[in-house]
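Fold and geometry: a report
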Amino acid sequence: MARTEGCLMGNTTTGTLYYGTPSIGGSGKRTYPSSPTMNIACPSVNPSISHAINVTPTAPQIDCKIDGEPGGFAFVVYNFNIVPCPLDDYIPFLFLAISAIALFHLHSRYKIDLI
């Protein structure tokens, strides 16, 4: 699994990583573009998105900023891996959908009253 480098805005559990190709200043500080981004936590709205794991700061620490954000070099560069979000959280919804289809099938085949 290849490591990716990006600028972390927020904390290491719910923050956002900006990981496009940075411009590097004379002192080694980096300016990352405002996209692409990677969430550390899987979003509950769209489970097909990837997220970052193994988020660790670079050694030595490298300061960074996001292009267009005020505040100067207020963030730090982190290394991370990109993996798909797990679908385990959606098994109950899949179970409910299959159960509804089974009940509909039983109702139509055997004329069973559901209420």
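Conventions used here
- Residues numbered from 1 in each chain as written.
- Predicted model: local features only at pLDDT ≥ 70, side-chain atom pairs only at ≥ 80, totals over all residues.
- Heavy atoms only, no water.
- pLDDT = per-residue confidence, 0-100.
- Helix = DSSP H or I, 4+ residues; strand = E, 2+ residues; numbered from the N terminus.
- Phe/Tyr/Trp six-rings, centres within 6.5 Å; stacked < 30°, edge-to-face > 60°.
- Buried < 20%, exposed > 50% of the residue type's maximum accessible area, 1.4 Å probe, protein only.
- Lys NZ or Arg CZ within 6 Å of the ring centre and 35° of its normal.

When pLDDT is averaged along the protein chain, the result is 86; 91% of the residues meet or exceed 70. The least confident element of the protein chain, judged by mean pLDDT, is helix H1 (residues 91-110) at 87; the most confident is strand E4 (residues 30-32) at 94.

Moving on, we get to the packing of aromatic side chains. By the definition in use, this model includes 1 aromatic pair. With a centroid separation of 6.0 Å and 80 degrees between ring planes, the pair formed by Tyr19 and Phe80 is classed as edge-to-face. Placement of the pair is Tyr19 in the loop between strand E2 (16-18) and strand E3 (23-24) and Phe80 in strand E8 (residues 75-84), with a sequence separation of 61 residues. Assessed through its relative accessible area of 24%, Tyr19 is described here as partly exposed. Seen from the ring of Phe73, Lys65 lies directly overhead, with NZ or CZ sitting 5.2 Å from the centre.

Let's shift gears to unusual backbone geometry. Residue Pro36 follows Ser35 across a cis peptide bond; omega there is 5 degrees. Among the secondary structure elements, Pro36 is positioned in the loop between E4 and strand E5 (37-39). Ala59 connects to Pro60 through a cis peptide bond whose omega is 0 degrees. Structurally, Pro60 can be placed in the loop between strand E6 (50-57) and strand E7 (63-66). Phi is positive for Asn54, which is not a glycine, with a value near 50 degrees. Within the secondary structure, Asn54 sits in strand E6.

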